[in-house]
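Listed here are the chains, written in short residue letters.
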Amino acid sequence: MSEIRNLINITDLSVEEIDELIKVADDIVENHAAYEDICAHKKLATLFFEPSTRTRLSFEAAMLELGGSVLGFSEASSSSAAKGESVSDTIRTVGCYADIIAMRHPKEGAPVVASQKTTVPIINGGDGGHFHPTQTLTDLLTIKRKKGRLSDMTVGLCGDLKFGRTVHSLIEAMLRYENVKFVLISPNELQVPAYVKEKMDAAGAEWKEVERLEDAMEELDILYMTRVQRERFFNEEDYVRLKDSYILDLEKLQAAKEDLTIMHPLPRVNEISVEVDDDPRACYFFQALCGKHIRMALILNLLGIKREA
Amino acid sequence: MSEIRNLINITDLSVEEIDELIKVADDIVENHAAYEDICAHKKLATLFFEPSTRTRLSFEAAMLELGGSVLGFSEASSSSAAKGESVSDTIRTVGCYADIIAMRHPKEGAPVVASQKTTVPIINGGDGGHFHPTQTLTDLLTIKRKKGRLSDMTVGLCGDLKFGRTVHSLIEAMLRYENVKFVLISPNELQVPAYVKEKMDAAGAEWKEVERLEDAMEELDILYMTRVQRERFFNEEDYVRLKDSYILDLEKLQAAKEDLTIMHPLPRVNEISVEVDDDPRACYFFQALCGKHIRMALILNLLGIKREA
Amino acid sequence: MSEIRNLINITDLSVEEIDELIKVADDIVENHAAYEDICAHKKLATLFFEPSTRTRLSFEAAMLELGGSVLGFSEASSSSAAKGESVSDTIRTVGCYADIIAMRHPKEGAPVVASQKTTVPIINGGDGGHFHPTQTLTDLLTIKRKKGRLSDMTVGLCGDLKFGRTVHSLIEAMLRYENVKFVLISPNELQVPAYVKEKMDAAGAEWKEVERLEDAMEELDILYMTRVQRERFFNEEDYVRLKDSYILDLEKLQAAKEDLTIMHPLPRVNEISVEVDDDPRACYFFQALCGKHIRMALILNLLGIKREA
């Protein structure tokens, strides 16, 4: 049994720990029956102070598929927070009801504060513009499954790279593997922040910035598309001008490698044309499936549960 | 194992398939213990883009009673739809989390679109003013259980027959059985649409229209009451004038047969007086119970699960 | 098997029945494994016509921890109530879906009305300013566990004693035990109502009123803090003047007994300083845990389920 811990940020995990999670996620697929009741009598609380159906359902599906059960809330309006209760108090109380907690909160740092007040493991399911480590784990598992490795590849990241936390986390996580090159595809206004560039440089990684999807397509092994979120823009004009600039369609894909892996954290609006969905290189729904598997592995790890050999 | 299919419209099912569902629903009551864990490790997603507590809880109770588990959302505001995601994308993602999906959507046709994008069976739990096939299955099971047959009877349908989709579906479904007569009881403004009348004629069924509940009561074997929904009226004046015209009370019931079966899809407001609830002919809460049983049978059918003989 | 009953008010239970519930709650802790699947195939419906996350999650955790399952709704907006359905009809329908119902409703008396319309046991999870019996059971279990008895002690109740129903119920419940003295600590405007004073007198209990926490601290065995709810005040001015008058901090605690038990029904806003949380006398999170255990005992009792000896 491992020590009880939390997952707040992807960098809480060593490369070895991530490898271990990926191994368990793969074992879950191969030996599904061995996991069906492994979390019997365990309860997951999903505390979503901010709605995020996809993430919440992924956690819930993960726990149910392990034979455990689920309770919680899907938005703050129906929680005690509306009565002025602190996050710490809510978490400490729910720690009496559940064995593990997955939480999402609009305030950065809320999961850290929460984790200090309970002995129950906390999983950060997103805290404002800050961290979303299970998305990064999902992305890593997807890449590993499609490519068989996490090193030696060229990763293109496209769209809103300034505010997109999933992009920053993925870069940070991939920097720990050998020979990963990054191609950053975005309008000038939405380039990755300076601190991310510094990290790439400090790690000695090769990277470049381009403005158009077409300028990068042919060299990519991975293409990670992101949504241009209207709420991130400073004015409506910029949003309208830019939002369609980075739409992936079959025409743009003609220049791509045959084994390109197209990813997207979802939900998408129109940044990937639906005609791409049937292309074998489209992996974003497979990614959703990977998200369930890696959360299953994570829950088991934090609860200190392993299947018998 | 049957092929994986969906239930979008009641006419997707043949008379034989409906008979089979009714048979399983009855077997569930008779051999309840044999079904208690039959869906262990299976997950139902209830995706309600529009709230409908009764229908949602009926589906959830059905799945839980089969030993399966449930996840989902009860209104669109807390779903990814609020972020601009298409129904197809939501369904395809949830198809990674669940083994079967029951959905309700305000837009007609949404379940058909959804079913084209996932390999997981889709049950239409209501799409706008369009279809609501599990209500019709519920009604058929109720009639079968109370009368022992689905043929040879006179069915009265009362209230808003113009906009009431449950009424149209029930007529369509009952037309497939022998010698069913219909008495349509409604104000002129809310008569059944022409296409329903054409279907009755085409099937060679006997039918008539009357304006007052009293004009039909004595000949009925089934009385199906429906709510006059305020939102269906074009103006408030008409609503106020008509809403109380078709209220069933004990006085009106005096003319009825002793074995009349009174049905209502629920929720009711005041179209059936509460004094009627204790009359042995009141079957609308029994109908709610039938709704759970037929949904259990349907889930088993779509998942291709049968109890061992 | 006991008769099927409901829990509407704490006085529905005799002293012996409360003792029995406490005994089962303790047995649940001591022999946890014996209870893990004891409610398998049983369903709890949590019908919260008014949100109360804490109470709802406590009930749900209780049922899940007994191996049962849970369905329901967390606010009225997503229920049939919004369509004009009566509480009775909702309850009677849900009685077809679940084996036991825990409900919260803003209208006093709603659970009584509900219980008359269904054969399924109803637990009142709070009805307006009226009753909240599972909170009182929680309080009694907490006191019993910390003191080893429910008699022979001095209980201080602090804060809004006028509108605080949990306080009134606790006094009423404790009056049935020997030699319990009450110290009522509140501003003059928020003293306990006359009918509570009459009950204390009728029972021959010793009690007094003081205005300041400091005036009572040293003699207390139990200190029950309550929140001064903004919505209970007639005007904003009074709220601002009084809300900070009854804040418990480490300084005030210096005069207290070493084995004082500090309780609070939660959620708190600022009436107990967070610095008190680490004091061994702080029992309010332990109280949340007791809440789960006593609800487990209650569910078993109402379902007529006992563990095998």
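Because the structure is a prediction, the values reported are computed rather than measured. (Residues numbered from 1 in each chain as written. Chains lettered and ligands numbered in written order. Predicted model: local features only at pLDDT ≥ 70, side-chain atom pairs only at ≥ 80, totals over all residues. Heavy atoms only, no water.)

K.L.:
Which residues make up the interface of chain A and chain B, and what are the values?
P.N.:
Facing 25 residues of chain A, the contacting portion of chain B comprises 21 residues. For chain A, the biggest contributors to the area lost against chain B are Arg54(A), Leu57(A) and Phe285(A); these three give 26% of the whole. The tally of links between chain A and chain B comes to three salt bridges. Put simply, Glu85(B) and Arg54(A) hold a salt bridge, and the shortest N to O gap is 2.0 Å. Among the elements that take part in the side of chain A that touches chain B, helix 2 (residues 53-65) of chain A stands out by supplying nine residues, more than any other. (Contact = heavy atoms within 4.5 Å. Buried area = accessible area lost by both parts, 1.4 Å probe. Salt bridge = Lys/Arg side-chain N within 4 Å of Asp/Glu carboxyl O. Helix = DSSP H or I, 4+ residues; strand = E, 2+ residues; numbered from the N terminus.)

K.L.:
Summarise the domain arrangement of chain A; cite the residues concerned and give the values.
P.N.:
Residues and elements named next belong to chain A. We note that the domain assignment places domain 1 (10-131 + 291-303) and domain 2 (134-288) within chain A. Computed from C-alpha coordinates alone, the two centres of domain 1 and domain 2 are separated by 26 Å. Contact between domain 1 and domain 2 buries roughly 1900 Å² in total, counting both sides, with carbon and sulfur atoms accounting for 57%. Ranking the residues of domain 1 by area buried against domain 2 places Ile10, Ile22 and Arg54 at the top, with a combined share of 28%. Scanning the region where domain 1 abuts domain 2 turns up one salt bridge. For Arg145, the salt bridge is made with Asp26, and the minimal N-O distance between the two is 2.8 Å. For the side of domain 1 that touches domain 2, the elements supplying multiple residues, two or more each, are helix 1 (15-30), helix 2, strand 4 (122-127) and helix 10 (284-303). Per element, the largest residue contribution to the side of domain 1 that touches domain 2 is eight residues, and it comes from helix 1. Split by residue class, the side of domain 1 that touches domain 2 holds 13 nonpolar, eight polar and seven charged. (Domains from an automatic or database assignment. Nonpolar A, V, L, I, M, F, W, Y, C, P; charged D, E, K, R; others polar.)

K.L.:
Residue-level account of the relation of the copies chain A and chain B, with values.
P.N.:
Under the fitted operation, chain A is carried onto chain B by 0.0 Å of movement along the axis and a turn of 120°, and the coordinates agree to an RMSD of 0.0 Å. Here the two chains are linked by the operation of a three-fold rotation axis. Of every C-alpha in chain A, the one belonging to Ser69(A) sits nearest the axis of rotation, 4.9 Å from it. (Least-squares fit on C-alpha atoms with pLDDT ≥ 70 in both.)

K.L.:
Please set out the UniProt feature "binding site: L-aspartate" (unreviewed entry) in chain A residue by residue, giving values where relevant.
P.N.:
Residue and element names in this part refer to chain A. Using the residue numbers shown here, the UniProt feature "binding site: L-aspartate" (unreviewed entry) corresponds to Lys83, Arg165 and Arg227. Within the secondary structure, Arg165 is located in helix 6 (residues 165-174). Take Arg165: its relative accessible area is 14%, and that puts it in the buried class. Look past the residues within four positions of Arg165 in its chain and what remains in contact with it is Arg104, Gly126, Asp127, Gly128, Gly129, His130, Phe131 and His132. (UniProt positions renumbered as here; feature names shortened; annotations may be inferred. Buried < 20%, exposed > 50% of the residue type's maximum accessible area, 1.4 Å probe, protein only.)

K.L.:
Provide a residue-level description of unusual backbone geometry, including the pertinent values.
P.N.:
With an omega of 0°, the peptide bond between Leu266(A) and Pro267(A) qualifies as cis. In this fold, Pro267(A) is placed in the loop between strand 9 (261-263) and helix 10. The phi angle at His41(B) is positive, at roughly 70°, despite the residue not being glycine. Inspection of the secondary structure assignment puts His41(B) in the loop between helix 1 (15-30) and strand 1 (43-48).

K.L.:
Can you lay out the sheet that holds strand 8 (residues 222-225) of chain B for me, pointing to particular residues and giving the numbers?
P.N.:
Residue and element names in this part refer to chain B. Overall, parallel pairing links the five strands, which are arranged 7-6-5-8-9 in an open sheet. Unpaired on one side and paired on the other, strand 7 (207-210) and strand 9 (261-263) mark the two borders of the sheet. Strand-to-strand twist of the sheet, defined as the mean angle between neighbouring strand axes without regard to direction, takes the value 20°. As paired elements, strand 8 and strand 9 share three bridges and run parallel to each other. Bridging across to strand 9, Tyr224 finds its partner in Met263. Packing of helix 5 (residues 133-147) onto the sheet brings it into contact with strand 5 (153-158), strand 8 and strand 9, and relative to strand 9 it is tilted by some 165°. (Pairing = 2+ DSSP bridges. Axes fitted to C-alpha atoms, helices over the stretch in contact; angles between N-to-C directions.)

K.L.:
Quick rundown of the environment of Val113(B)? Include the residues and the values.
P.N.:
Residue and element names in this part refer to chain B. Of note, Val113 is situated in helix 4 (residues 110-115). Val113 sits in the partly exposed class, given a relative accessible area of 40%. Val113 sits 71 residues away from Lys42 along the chain, and the two C-alpha atoms are 24 Å apart.

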